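Residue-level structure breakdown
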Amino acid sequence: MSYFYVACTVALTVLSQIIIKWQVLAAGALPEAGGDKVLFLARLLLNPWIIFALAAAFAASITWMAAMTKLDLSHAYPLLSAVFVLVPLASVMLFNEPVTTPKIVGLALVVAGIVIGGQG
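From a predicted model like this one, the values you see are computed outputs, not experimental measurements. (Residues numbered from 1 in each chain as written. Predicted model: local features only at pLDDT ≥ 70, side-chain atom pairs only at ≥ 80, totals over all residues. Heavy atoms only, no water.)

**So, the packing of helix α1 (residues 2-27) against helix α5 (residues 83-95)**
At a minimum axis separation of 10 Å, α1 and α5 run at an interaxial angle of 35°. In this structure, α1 crosses over α5, and the sense of that crossing is right-handed. Facing Val10, Thr13, Val14, Gln17, Ile18, Lys21, Trp22 and Leu25 of α1, the residues of α5 in contact are Val83, Leu86, Val87, Ala90, Ser91, Leu94 and Phe95. Class assignment of the residues belonging to the contact of α1 with α5 gives a composition of 11 nonpolar, three polar and one charged. (Axes fitted to C-alpha atoms, helices over the stretch in contact; angles between N-to-C directions. Helix = DSSP H or I, 4+ residues; strand = E, 2+ residues; numbered from the N terminus. Left-handed = near helix turned anticlockwise from the far one by under 90°. Contact = heavy atoms within 4.5 Å. Nonpolar A, V, L, I, M, F, W, Y, C, P; charged D, E, K, R; others polar.)

Right, dumping it as structure tokens:
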């Protein structure tokens, strides 16, 4: 069950990041003026999707706490690195972000780190 909690932590974190990116893209560019920046970000914070994303991030913290009751931090934490693979993959699929050789190499290194760090 503890690995299920880790998987939920990863899934909820990825979900929250994708929703935030989606809504920020929909909102447009960050204004240049300081006061306008504050209003822009305040409007985003009142956006129901952003509120949902923040709730998902909070739920990720809850599932992480549940996982920590059974797993060593040094064993479980490398598994969270899956977020660093899944978010870029989702970004490519959902937002048409570019795939570059350095990104592919970086993702491969992260996967290797997850495999090695997740051992025992």
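**Examining the nonpolar core**
Proteins that are soluble and globular tend to have nonpolar side chains buried together. Ranked by internal contacts, the top residues of the largest apolar core, which has 18 residues, are Val6, Val10 and Val14. Of all the secondary-structure elements, those providing two or more residues to this core are α1, α3 (48-68), α5 and α6 (101-117). Per-element accounting of this core gives the leading share, five residues, to α5. Excluding anything up to four places from it in sequence, valine 10 contacts Leu79, Leu80, Ala82, Val83 and Leu86. (Core = buried A, V, L, I, M, F, W, Y, C linked by side-chain atoms within 4.5 Å. Buried < 20%, exposed > 50% of the residue type's maximum accessible area, 1.4 Å probe, protein only.)

**Description of the confidence of the model for the protein**
Put simply, the protein has an average pLDDT of 93, and 98% of its residues get 70 or more. For the protein, the element scoring lowest by mean pLDDT is helix α4 (residues 73-76), at 86; α3 scores highest, at 98. (pLDDT = per-residue confidence, 0-100.)

**Considering the packing of aromatic side chains**
Going through the model one piece at a time under the given rule, you end up with four aromatic pairs. For the pair tryptophan 22 and tryptophan 49, a centre-to-centre distance of 4.8 Å together with 70° between the ring planes defines the contact as edge-to-face. In this pair, tryptophan 22 is assigned in helix α1 and tryptophan 49 in helix α3, connecting sequence segments 27 residues apart. What makes tryptophan 49 partly exposed here is its relative accessible area of 41%. Between tryptophan 49 and phenylalanine 52, the ring centres sit 6.3 Å apart and the planes meet at 85°, which makes this aromatic pair edge-to-face. With tryptophan 49 and phenylalanine 52 both in helix α3 and three residues apart, the pair spans about one turn of that helix. Accessibility expressed as a relative area gives 43% for phenylalanine 52, which makes it partly exposed. Ring-pair connections join several aromatic residues into one group, and the members of that group are Trp22, Trp49 and Phe52. (Phe/Tyr/Trp six-rings, centres within 6.5 Å; stacked < 30°, edge-to-face > 60°.)

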